[in-house]
Amino acid sequence: MTTTVEPATRELGKSRPRKEDARLITGRSRYTDAIIPPGTLHMHVVRSPLAHATITHVDTAAAAAMPGVIGVYTATDLGAEGIGLPCAWPVTPDQKAPQRPPLAIRTVHFAGEGVAVVVARSAAAARDAADLVEVDYDPLEPILDKEAAAAVGAPLVHPDLGTNVSATWVFDSAAAGTGDSVEQAIAAAEADPDQIVVRRRFIQQRVIPAFMEPRSVVVDPGGEQITVWSATQIPHILRTMTAVTLGIPESKLRVIAPDVGGGFGGKISIIPEEMLCVLLAQRLGKPVKWTETRSDSLLAAHHGRDQIQDITISAKRDGTVTGLDVHLLADMGAYLSLIGSGIPILGAFMFNAIYKFPAYRFTCRNVFTTKAPTDAYRGAGRPEATFGAERIIEELAVELGRDPMELRQQNWITHEEFPFTTVAGLTYDTGNYEQATAKAMETFDYAGLRREQEERRRSGDPVQLGIGISTFTEMCGLAPSRVLGSLAYGAGGWEAASIRVLATGKVEVITGISPHGQGHETGFSQIVADQLGVPFEDVEILHGDTQISPKGLDTYGSRSLVVGGIAVVKAAEKVVAKARKLAAHLLEAAEDDIEFSGGTFTVRGTDKGKTIQELAFAAFTAHDYPEDMEPSLDADAVFDPENFSFPHGTHLAAIEVDTDTGRVTLRRYVCVDDVGTVVNPMLVEGQVHGGLAQGIAQALFEEAVYDEQGTLVTGTFVDYTIPSAADLPNFDTATVSTPATSNPLGVKGVGEAGTIASTPAIVNGVIDALRHLGVTNVEMPCTSQRVWRAIQDAQGNATQETPVDTHSPGAGLGSIDPNNPQGEVG
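This section reports on the structure supplied with the text. (Residues numbered from 1 in each chain as written. Predicted model: local features only at pLDDT ≥ 70, side-chain atom pairs only at ≥ 80, totals over all residues. Heavy atoms only, no water.)

1. Quick word on the pattern of salt bridges
Selection criterion: The working definition used for a salt bridge is a side-chain nitrogen of Lys or Arg within 4 Å of a carboxyl oxygen of Asp or Glu. Elements are defined by DSSP. Helices are runs of H or I of four residues or more, strands are runs of E of two residues or more, and each kind is numbered from the N terminus. For every residue, the accessible area obtained with a 1.4 Å probe (protein chains only) is divided by the maximum for its type, and the residue is called buried under 20%, exposed over 50%, and partly exposed between those limits.
This structure, assessed with the given rule, holds 48 salt bridges. Of the charged contacts in the structure, one is a salt bridge between Arg200 and Glu395, with a shortest N-O distance of 2.9 Å. With a gap of 195 residues between them, Arg200 in strand β8 (residues 195-207) and Glu395 in helix α11 (residues 382-400) connect regions that are remote in the sequence. By relative accessible area, Arg200 is classed as partly exposed at 25%. Each of Lys146, Arg206, Asp306, Asp331 and Lys371 takes part in a single network of salt bridges with overlapping partners.

Dropping the structure here:
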C-alpha cells in the first residue's frame, strides 16, 4: 500500500529568488562572447561615416597585408549582392520594401552601415586592419526630417522606389463597423458650442535599446550542421530566417541563444552581422565570431520610437469624449527591419486606451530616412500609443478646467462593463480601473499633494510641484495567430512546450520561449511544481537551443508567460492525464475514480495511491502498463490563445521643477498594476522596476540625435544619457488582480507595463508643475535645458542665457553645442 502525501505548499504567488541567479551573478554564466570554438576567426565591420553616399572605390590592399589578417571582403567578394535581410511584416499589399544587403553595395543609406568586413586571427588584429580599409565616397544629400521626406518631390532615400513613404495604414471605426464616423464627430463638435475640439502634436523621440550585453555572434560550420550562437531574443526565428535568406536547409542549422544579457526588443532583428558570419564561416571552413563594440551598438543596431503624433480629440463640455483622430508619421530609418514596419500599427489598437470613444480613426505613414533602421523597443507601439492617449486626455482636462483624474474616471470602462469591445475592435476580457486607481491615489496621497501644489503656487516657490498621471492598459502576448494573420504578420503567435518526466521522478521542461533576464527558469519551475505536485527544486527548464527545443516563436511582446507559460500548463495537463491512466491500471481502479492532488494519485474514498514519481519509474520499467498506452509520461503541447491579455494600472508621479534652473526631480513614484494572477511577486517587482527605469529614461534622459549631415552625435554613453540608480527614487509598487479569462492561470503579463505607463506620467507631471506659468508642452527628453527654455519662452524671456546646473543629468550648459544638442552633462 502506498501512503498518500500532503499537498505541497502552493508555488504560485510565492516570492522565490531566481534559481538562474546562482550562475548569472557568480560568473558561471555563458554569454556568446565567451564562446570560442577551436580555430575561431574574428570579424570586424568597416562602417560608413556618411549617412548617404555613393561608394566609388574600396581599397583593401593595406588591410589585407596586415599580420594575422585572413581576408577583407565586400558584398561583391562574398557574392552577397542578391541577398536581402528579411522584413516579416508587409503591413499593406503595396508596402515599399527596399532590399537590405548584408553590406552596402553601391550606396550607403545611413551612418554606420557596413561597407566591408575584415577577418583575422584575433579581434584586435581585425580592428586594426579595418582602420586601413580605404573607402572613397561621393556624398549624397542626407534625408533626415521625416515630414520633409514624406512630402511630394522630396529627395529619395531609395530612388528606385519612387517615394520615401513605405506604407500608409488606416483603421477607421466607421469602416470597420466598430464605431461611428470620426469626421462627423469632430465636425459636430466644431459646430456645437456645447462641445470642444482639442488638437495637439506630440513627438516620440528616437531612442536606443541599451542592453547590458552587446550583440555577439559565433558560427561554427563544422560537421554536418552549422551551429550559430547569437545573443538574440529569437533563436527559432533566426534559424528559419537564416535558412530562407541564405538558402541553407533549416535542418542543417542549429541556433543557440545562451545566457543573453538583456534585449528590450533590441535583439529581435535578423542582423547583417549574423548573415555575414554564416557566409564567412561557410567560405573559410572555420568558426567566425563577431562581437560589437558599444559604439557599434549605438550607431548601427536598430533604434526605437521616432514618431510624430498629430492627435485630435472631441468631447462634450461635460467631459464626455466623442471622437479621437490620430495621424502618425513613423520613421523607419533607411530600411525595413524584421518587424519594424508593424510596430506603429500595434499602437493603432491602443490609442483609445481605457476610454469609451464612440468614434476613432488611426492613420499611419511609414517613412524612409537616412538614419539607422527602427524596430521594436520595450513595449513596441504600445508605449507610443499610451503616451499619445494620456497626453491628449490631460490636455482635454486642462481645456475643460477639470481635474485630470476625474475626467479619466468619467470616460473609462467601468469594472461592471467587462468584457468590453473597444472602438478599435479588441475585446478587453477583465479589468478594474477603479480598484487600481483608488489604491494608487491612497498610497500616493493625491489630495494632499494637490493641496501642497496649490500652496507652492500661491507662495511663488521657485520649486514647483507637478502631479503626473497615467492610467493605462496594454495588449500582451503577441498572439493569436489568426489575428496576426489578419494583420499580414509573417509568423504565428503560438508557443510550444514539452515536459519529460525522468525515471527518477525529476522533470525537464523544454520551452520555445527564450529568456534574456526575465526569470523564466524560476517562474516556469513554480508553474510546473504546482501542476505536477513535484518539488520546485526537481524541475529544470531547458530553452534557447533549437536542437533541444525545436519548436518555438521566442520572446517579445510580453508573451513569455501568457503564451509560453500556458503551453507549459497544457503539456503538464497531458502528463497528468497519462499518469492518471497508468495509476488506474496499477491500482486496479476505474480512471474516473482516480483523484490527483499534491503529486499523488489516489483511488477515491481509499488510501490507495501512487505518487507521480512512482508512476514515472513504472513507466520507465514498462513491466506493467495499459495495452493502449505508450510507456511514457512525456507530453508536448502547442498553445495559441484566442485573445490578447490586457494588463492595466495607474501610475502617479510627484515631480519637482526648479523654475530658476529647469532642473527636474522625481520626488515620488507610485504604481498599482493589474497583471492578473501573480506567479512570483519578486519577479513582477523586478520587471516593473526595470520597465519604470526605461520609461522614465525616455521622458527625462534619452535621445538619439543626428547632426545636419546625418552623423549620430550621441554615439557613446557620454552623450547618450541613461540614468543610474542614483538618478531615480525608490518606487512604490503594488498589484491588484482581476484574472484574465483567456488562459487557465489567469495571467496577463508584466514585462512591458512599467515602460508603457511611466513616460506619460512623468511628462504630464513636468508640464503640470509649469502649466500656471504658461508652459503647455516640453518635448522629450525633458532635460533641464529644455524645461528652462520652455519657461523662458512662456514668459517671453527666450533670449536669456541657459543657466548651468551641474547636479542633474541633461542639465543646461549655456549655449547649444552643435555636437551635443541635448545640452547633456555626461
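Picking up after the structure, the text goes on.
2. Some points on the nonpolar core
Put simply, the test is: Buried residues of nine kinds, namely Ala, Val, Leu, Ile, Met, Phe, Trp, Tyr and Cys, make up a nonpolar core once their side-chain atoms join them within 4.5 Å. Contacts are assigned to residue pairs that have any heavy atoms within 4.5 Å of one another.
Judged by nonpolar contacts, the single largest core of 144 residues is most densely connected at Phe362, Leu396, Tyr669 and Ile762. Broken down by element, the residue count for this core peaks at eight residues, all from α11. What Tyr669 contacts, discounting residues up to four positions off in sequence, is His651, Leu652, Ala653, Leu692, Ile696, Asn730, Phe731, Asp732, Ala757, Ser758, Ala761 and Ile762. Counting residues in each nonpolar core, the second largest holds 46 residues, with Val575, Leu633, Ala637 and Val679 among its members.

3. Points about the packing of aromatic side chains
The test is simple: Centres within 6.5 Å make a pair out of two Phe, Tyr or Trp rings, where for Trp the six-membered ring is used; the pair is then stacked when the planes are under 30 degrees apart, edge-to-face when over 60, and tilted otherwise. Geometrically, a charge over a ring is one whose NZ (Lys) or CZ (Arg) sits within 6 Å of the ring centre while staying within 35 degrees of the ring normal.
Tallied over the entire structure, the rule returns 15 aromatic pairs. Here Tyr669 and Phe731 contribute two aromatic rings whose centre-to-centre distance is 6.0 Å and whose plane-to-plane angle is 80 degrees, an arrangement assigned as edge-to-face. Of this pair, Tyr669 sits in strand β27 (residues 664-674) while Phe731 sits in strand β28 (residues 731-736); the two residues are 62 residues apart in sequence, bridging distant segments of the chain. The class of Phe731 is buried, set by a relative accessible area of 14%. Three or more aromatic residues joined by ring pairs form one cluster here, namely Trp169, Phe171, Phe349, Phe351, Tyr360 and Phe362. Over the aromatic face of Phe536 sits the side chain of Lys19, whose NZ or CZ is 4.4 Å from the ring centroid.

4. Brief notes about the environment of Asp445
Among the structural elements, Asp445 can be located in the loop between α13 (433-444) and α14 (446-459). A relative accessible area of 41% means that Asp445 is categorised as partly exposed. Here the alpha-carbon distance between Asp445 and Val207, two residues 238 residues apart in the chain, equals 33 Å.

5. Some points on α14
Put simply, the test is: Helix span is expected to be 1.5 Å times the residue number reduced by one.
In this model, α14 (14 residues) spans 20 Å end to end at C-alpha, consistent with the 20 Å of a helix rising 1.5 Å per residue. The inward-facing, buried residues of α14 contact α12 (404-411), α13, β18 (463-473), β26 (648-658), β27 and α20 (753-770). Following α14 by one or two positions, Gly460 adopts a phi angle in the positive range, close to 70 degrees.

6. Overview of the packing of helix α17 (residues 560-586) against helix α18 (residues 612-621)
Short version of the rule: In this analysis, axes come from line fits to C-alpha atoms, helices being fitted only over the stretch in contact, and the angle between any two N-to-C directions falls in the range 0 to 180 degrees. Working rule for angles: under 35 degrees goes down as roughly parallel, over 145 as roughly antiparallel, 65 to 115 as roughly perpendicular, anything else as oblique. Here the nonpolar group is Ala, Val, Leu, Ile, Met, Phe, Trp, Tyr, Cys and Pro; Asp, Glu, Lys and Arg are the charged ones; every other residue, Gly included, is treated as polar.
Two elements in contact, α17 and α18, have axes whose closest approach is 10 Å; the angle formed by their N-to-C orientations is 80 degrees. Classified by the angle their axes make, α17 and α18 are roughly perpendicular. On α18, the residues that touch Val575, Ala579, Leu582, Ala583 and Leu586 of α17 are Ile612, Leu615, Ala618 and Ala619. Partitioning the contact of α17 with α18 into residue classes produces nine nonpolar, no polar and no charged.

7. Topic: the environment of Ala126
Within the secondary structure layout, Ala126 lies in helix α3 (residues 123-130). Spatially, the C-alpha atoms of Ala126 and Glu224 are 28 Å apart, while their sequence positions differ by 98 residues. Those residues in contact with Ala126 that sit more than four places away from it in its chain are His42, Met43, His44, Val118 and Ala120.

8. So, the sheet that holds strand β15 (residues 360-368)
Under the convention used in this document: At least two bridges found by DSSP between two strands are what make those strands a pair.
Taken together, the five strands give an open sheet; going across it, the order is β7-β15-β14-β13-β8, and neighbouring strands pair in mixed fashion. Lying at the two open borders of the sheet, with one neighbouring strand each, are β7 (165-172) and β8. Neighbour to neighbour, the strand axes of the sheet diverge by 10 degrees on average, direction disregarded. Against the sheet, α11 contacts β8, β13 (304-316) and β14 (321-333), and its axis sits at roughly 145 degrees relative to β8.

9. What to know about the pairing of β15
Of all nine residues in β15, eight are buried; the element is thus mostly enclosed. Relative to β15, β7 runs antiparallel, the two sharing seven bridges. Bridge pairing in β15 links Ala167 to Asn366. In this structure, β14 lies alongside β15, joined through nine bridges in parallel fashion. Across the sheet, residue Leu328 finds its bridge partner in β15, namely Cys364.

10. Things to note about the side chain of Glu394
Note the cut-off: Here a polar contact is recorded for every N or O atom pair within 3.5 Å, except that within protein the pair must consist of a potential hydrogen donor and a potential acceptor, and residues adjacent in sequence are included only if both atoms are side-chain atoms.
Relative to the elements of secondary structure, Glu394 occurs in helix α11. The class for Glu394 is buried, based on a relative accessible area of 4%. A polar contact is formed between the side chain of Glu394 and the side chain of Arg408, at a distance of 3.0 Å. With near-sequence residues (within four places) excluded, Glu394 lies in contact with Pro404, Arg408, Asn764 and Arg771.

11. Quick look at the side chain of Asp172
Rules: In this count, Lys and Arg are taken as positive residues and Asp and Glu as negative ones, while His and the chain termini are left out.
Residue position: Asp172 is located in strand β7. No salt bridge is formed by the buried Asp172, whose closest oppositely charged neighbour, Arg361, lies at an N-O distance of 4.4 Å. Leave out the neighbours within four places in its chain, and Asp172 touches Glu183, Tyr360 and Arg361.

12. Things to note about the sheet that holds strand β12 (residues 288-291)
An order of β3-β5-β1-β12-β9-β10-β11 is seen for the seven strands of this open sheet, with the pairing classed as mixed. Only two strands of the sheet have a single partner each, and these edge strands are β3 (69-73) and β11 (253-256). If you compare each strand with its neighbour and ignore which way they point, the axes differ by 20 degrees on average. In the sheet, strand β9 (residues 216-220) pairs with strand β10 (residues 226-230) via four bridges, with the strands oriented antiparallel. Paired with Val219 across the strands is Val228, a residue of β10. Along the sheet face, α3 touches β1 (41-47), β3 and β5 (114-120) and points at about 25 degrees away from the line of β1.

13. Section: unusual backbone geometry
For the peptide bond that leads from Phe418 to Pro419, omega is -5 degrees, which places it in the cis range. Locating Pro419 in the fold gives a position in the loop between α12 and β16 (420-421). Pro480 follows Ala479 through a cis peptide bond whose omega is 0 degrees. Turning to its location among the elements, Pro480 is positioned in the loop between β18 and α15 (481-486). Of note, the phi angle at Arg305 is positive, near 65 degrees, even though the residue is not glycine. As for its position among the elements, Arg305 is in strand β13. On the basis of relative accessibility, which here comes to 5%, the residue Arg305 falls in the buried class. Backbone geometry at Asp554 places phi at a positive 75 degrees, although glycine is not the residue there. Inspection of the secondary structure puts Asp554 in the loop between β21 (539-542) and α17. You can call Asp554 buried: its relative accessible area is 0%.

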